[in-house]
Amino acid sequence: MSEAYASQMQVLDEVAIRIQNMHKWYGEFHVLKNVNLTVNRGERIVICGPSGSGKSTLIRCINRLEEHQRGDIIVDDIELTNDIKNIAEIRREVGMVFQHFNLFPHLTVLENCTLAPIWVRRMPKADAEEIAMNYLEKVKIPDQALKFPGQLSGGQQQRVAIARSLCMNPRIMLFDEPTSALDPEMIAEVLDVMVSLAESGMTMLCVTHEMGFARKVANRVIFMDGGEIIEENEPEEFFNNPQSDRTKLFLSQILAH
Amino acid sequence: MTDISQDKSALQDDHGPDYAPGTHPSLPPPSSSVGPIHWIRVNLFSSIPNILLTILAVWVLWATIPGLLNWALFDAAFQGDSRSDCRAVAEGACWAFISSRFGQFIYGFYPVELRWRVDLAAIGLVMALVPLLFDKVPYRRFGLYFAAAYPFIAYFLLMGGLGLEPVETSKFGGFMLTMVIGVTGIAVSLPIGIVLALGRRSDMPIVRVLCVVFIEFIRGVPLITLLFVASTMLNYFLPPGTTFDLLLRVLIMVVLFASAYLAEVVRGGLQAIPKGQTEAADALGLTYWKAMRLVILPQALKISIPGIVNTFIGLFKDTTLVIIIGLLDPLGIGKAALADAKWQGLAAEVYIFIAILFFICCFGMSRYSLYLENKLHTGHKR
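Draft legend 1. How the structure looks around the overall build of chain B. Within chain B, the secondary structure is distributed over 15 helices and zero strands. The C-alpha radius of gyration of chain B comes to 28 Å, more than 25% above the 21 Å expected for a compact globule of 382 residues. In terms of overall dimensions, chain B has a C-alpha envelope of 95 × 75 × 45 Å along the principal axes. Counting only residues that meet the buried cut, chain B has 37% of its 382 residues in that class. Taking all contacts inside chain B whose residues are at least 6 apart in sequence as the whole, residues at least 24 apart take part in 67%.

Draft legend 2. Representation of the nonpolar core within the structure. Residues I17, I19, I47 and L205 of chain A are the most contacted members of the largest nonpolar core, which totals 132 residues. No other element matches helix α13 (residues 288-318) of chain B, which puts 14 residues into this core. With near-sequence residues (within four places) excluded, L205 of chain A lies in contact with I17, L37, V39, I45, I47, I59, I62, M173, L174 and F175 of chain A. Counting residues in hydrophobic clusters, the runner-up holds 47 residues, among them V97, L103, A163 and M173 of chain A.

Draft legend 3. Quick look at the environment of A16 of chain A. Summarising the element assignment, A16 of chain A is placed in strand β1 (residues 15-26). Not counting residues within four places of it along the chain, the set of residues in contact with A16 of chain A comprises V39, N40, R41, I74, V75, D76, I172 and T203 of chain A.

Draft legend 4. Representation of the pattern of salt bridges. Overall, the coordinates contain 19 salt bridges over all chains when judged by the stated rule. In this structure, R41 of chain A and E14 of chain A form a salt bridge, with 3.1 Å as the shortest nitrogen-oxygen distance. In this pair, R41 of chain A is assigned in the loop between β2 (29-40) and β3 (44-48) and E14 of chain A in the loop between α1 (2-7) and β1, connecting sequence segments 27 residues apart. Judged by relative accessible area, which is 40%, E14 of chain A ranks as partly exposed. Here E264 of chain B makes a salt bridge to R267 of chain B, at a shortest N to O gap of 2.9 Å. With a gap of three residues between them, E264 of chain B and R267 of chain B both fall in helix α11 (residues 246-271), about one helical turn apart. Of the residues examined, R267 of chain B reaches a relative accessible area of 21% and is grouped as partly exposed. One connected set of salt bridges, linked through shared partners, spans R200, E216, R219, E264 and R267 of chain B.

Draft legend 5. Region of the structure containing the packing of helix α12 (residues 275-283) of chain B against α13 of chain B. Residues and elements named next belong to chain B. The interhelical angle for the contact between α12 and α13, taken along N-to-C directions, is 160 degrees, at an axis separation of 10 Å. Viewed along their axes, α12 and α13 adopt a mutual orientation that is roughly antiparallel. Every pair of crossing elements has a handedness; the one defined by α12 and α13 is right-handed. Where α12 abuts α13, its residues Q277, T278 and A281 lie against A291, V295, I296 and Q299.

Draft legend 6. Representation of the packing of aromatic side chains. Residue and element names in this part refer to chain B. Taken as a whole and judged by the stated rule, the model has 17 aromatic pairs over all chains. Seen from their ring centres, F97 and W343 are 5.0 Å apart, and the 25 degrees between their planes marks the pair as stacked. Here the residue F97 occupies a position in helix α5 (residues 96-107), and W343 occupies one in the loop between α14 (330-338) and α15 (347-375), the gap between them amounting to 246 residues. The pair formed by F97 and W343 is uniform in burial state, with each residue classed as buried.

Draft legend 7. Structural detail: the interface of chain A and chain B. Every contact between the two is made by 22 residues of chain A and, on the other side, 21 residues of chain B. Interface area for chain A against chain B, summed over the two sides, is near 2,000 Å², with a carbon-plus-sulfur share of 61%. Seen at the junction of chain A and chain B, the total is one salt bridge. Taken together, the links from chain A to chain B amount to six residue pairs in polar contact (both at pLDDT 80 or more). If you tally residues by element for the side of chain A that touches chain B, the top one is helix α4 (residues 109-119) of chain A, at three residues.

Draft legend 8. Focus on the state of the cysteines. Residues and elements named next belong to chain B. Counted under the stated rule, the structure contains one disulfide over all chains. There is a disulfide in this structure between C86 and C94, and the S-S distance comes to 1.9 Å. On the sign convention where negative means left-handed, the S-S torsion of about 55 degrees between C86 and C94 marks this disulfide as right-handed. C361 takes part in no disulfide bond, and the closest cysteine sulfur, belonging to C362, lies 6.5 Å away.

Draft legend 9. Broad picture of the sheet that holds strand β9 (residues 220-225) of chain A. All names here are of chain A. If you walk across this open sheet you meet the six strands as β6-β7-β8-β3-β9-β10, and the pairing is mixed. What marks the edges here is a single partner per strand, and that holds for β6 (94-97) and β10 (228-233). If you compare each strand with its neighbour and ignore which way they point, the axes differ by 20 degrees on average. The sheet contact formed by β9 and β10 spans five bridges and is antiparallel. Across the sheet, residue F223 finds its bridge partner in β10, namely E231. Most of the contacts of helix α2 (residues 55-62) go to strand β7 (residues 172-176), to which it runs at about 150 degrees, and overall it touches β3, β6, β7, β8 (203-207) and β9.

Draft legend 10. Expanded view of the side chain of H68 of chain A. All names here are of chain A. Inspection of the secondary structure puts H68 in the loop between α2 and β4 (70-75). Here G71 takes part through its backbone oxygen, which lies 3.4 Å from a polar atom of the side chain of H68. Setting aside residues no more than four positions away along its own chain, H68 makes contact with M22, H23, K24, C61, I73 and L80.

Draft legend 11. Inspection of the pairing of β9 of chain A at higher detail. Residues and elements named next belong to chain A. Counting buried positions over the six residues of β9 gives five, a clear majority of the element. Where β3 meets β9, four bridges bridge the pair, whose relative direction is parallel. Residue pairing across strands places I47 opposite I222, the latter belonging to β9. Between β9 and β10, which pair antiparallel one after the other, the connecting turn spans two residues, and G226 there sits at a positive phi close to 60 degrees.

Draft legend 12. Representation of the side chain of K55 of chain A. Residues and elements named next belong to chain A. In this structure, K55 sits in helix α2. Here G49 takes part through its backbone oxygen, which lies 3.3 Å from a polar atom of the side chain of K55. Among residues more than four places away in sequence, those in contact with K55 are I47, C48, G49, P50, E177, V207, H209 and M224.

Draft legend 13. How the structure looks around a nonpolar patch on the surface. Residues and elements named next belong to chain B. Where nonpolar side chains cluster on the molecular surface, the patch consists of W39, I40, F45, I48, I51, L52 and I55 and spans about 710 Å² of accessible area. Of all the secondary structure elements, the ones that give two or more residues to the nonpolar patch are α2 (36-44) and α3 (48-74). If one sorts the elements of the nonpolar patch by residue count, α3 sits on top with four residues.

Conventions and cut-offs
- Residues numbered from 1 in each chain as written.
- Chains lettered and ligands numbered in written order.
- Predicted model: local features only at pLDDT ≥ 70, side-chain atom pairs only at ≥ 80, totals over all residues.
- Heavy atoms only, no water.
- Helix = DSSP H or I, 4+ residues; strand = E, 2+ residues; numbered from the N terminus.
- Rg over C-alpha atoms; globule rule 2.2 N^0.38 Å.
- Buried < 20%, exposed > 50% of the residue type's maximum accessible area, 1.4 Å probe, protein only.
- Contact = heavy atoms within 4.5 Å.
- Core = buried A, V, L, I, M, F, W, Y, C linked by side-chain atoms within 4.5 Å.
- Salt bridge = Lys/Arg side-chain N within 4 Å of Asp/Glu carboxyl O.
- Axes fitted to C-alpha atoms, helices over the stretch in contact; angles between N-to-C directions.
- Parallel < 35°, antiparallel > 145°, perpendicular 65-115°, else oblique.
- Left-handed = near helix turned anticlockwise from the far one by under 90°.
- Phe/Tyr/Trp six-rings, centres within 6.5 Å; stacked < 30°, edge-to-face > 60°.
- Buried area = accessible area lost by both parts, 1.4 Å probe.
- Polar contact = N/O pair within 3.5 Å; in protein donor to acceptor, adjacent residues only side chain to side chain.
- Disulfide = S-S within 2.5 Å.
- Pairing = 2+ DSSP bridges.
- Patch = residues over 30% accessible without salt bridge, like charges linked within 9 Å, V, L, I, M, F, W, Y side chains within 5 Å.
- Areas by Shrake-Rupley, 256 points an atom, 1.4 Å probe, with all protein chains shown as cover.

Put into structure tokens, the structure is as follows:
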């Protein structure tokens, strides 16, 4: 069933992200080792792996929250270099959702959503608010628009964070463990939003341990360990027929209970 | 104490009707946990040490307040031309001394016929501050324009020029001098302090080193030393023949001094903002300056409000140090007045009066900072 569901969502033949022979070090520590990854437009990729395997670092390299030292990252035909202009251009096209939401606590929900459109895209305030309300409706919390983040539950905050990213009309969305800081009841409401985002054809890279989500929407699951991509496969194959011993061990541990 | 335990058992006995699981309504609190009697019992008589402290506090108030009121009000002289005039009428404080010198305490040696300009500048200051400090003021927009223009208006009103008769800064004195130094110091040092704090956290080593050296140097030197440098040594560094107004030099030194302290206070606030805030701002495409202005500084400054106001209050009181290099702030005026043979021995009145002047200003700043903290609070409480 899940395969049929995933295949409804179209993947174009156009490359959204290309990462070639990419390496990264934290000081002496070699975090990412020769990473190669190509993501097509409309593709939904789930990255999993034990903690410290470099999966968060990998997606944080894509919008330059972390700097890579060797290799190439090309996002939307823009090469990621030290050129501030390129970085700014890529960040406008790439949205990101964090584990700890990182909403701006001094601004209302609506202001959180309109800040970047107004100050980065130079959109008139009324237009930005209209778009923001539109996305807040999509994540099902338009009635909270005038509250502050501190007054919302974790699940609501994470949905606001997703809406905030979408307001910039990104072509690619990065999710860095979006449900890891949430109570079980709230995970579902965030995953629902992410599924409907996937249905809309968004290119998504998602670091998560929600294997149900991976089975349901991912085109590909990537398993990382020790800074390397160990295995890469379609979800059914990945879960039912893992190739490497490391993957088997990881899956047996997370699916054990 | 026995009361409380009785209450508890009473509550247990009268536990009300049983509700099916999941249907228990929210009930009002028991009457013994609200109201003034409850407040007095909890706050003043909750335990034996508390009862003793309450009795002690009442006794201290009873022993001191009547004497103080007698001296300051009921047995005080408000009119007279000398100390002996006062003593002829009353045993207590001789406020006639303060009223006879009141003009000097406020205006220093500013020409009497031009004092209206100082008054006008003071009214302007209030009109500029109200829209700056409070956001629900009618016509706030125009108020802010006025606030932006105010420094120039005040400059010409106080110094003269543009058709107004010029007044030398050496004539400035009294409380007006305190306000000139205090307000200029506060207004100019905050932006410099913020820039220094950002510079100290910069990725660029040269900027960072410059900021660290400046902050550590200025903080490591007493303000009095800087004021002496301003009044005497600066002449050695400047080309011969340049005249450089003493008040201006003092202002520069006070601003540098306060901005170094503010930089560290603001840095403390910046340090408290989680890294995720910068990352979220970056990920949304905001540039460094926009991220700072719209996301990081509003939060960092809010956290730093107590420290910032603390520094402001310190600066305001430190303005009295200018007496050392010969500027006559209220303390200087007071000292000079006390030397008058007619009024000898009235130091208490002078210093209490000056203390009240300063207390009003500093307490006002302190209250405003509390108001601001409450206003900017965006957590669960609101």
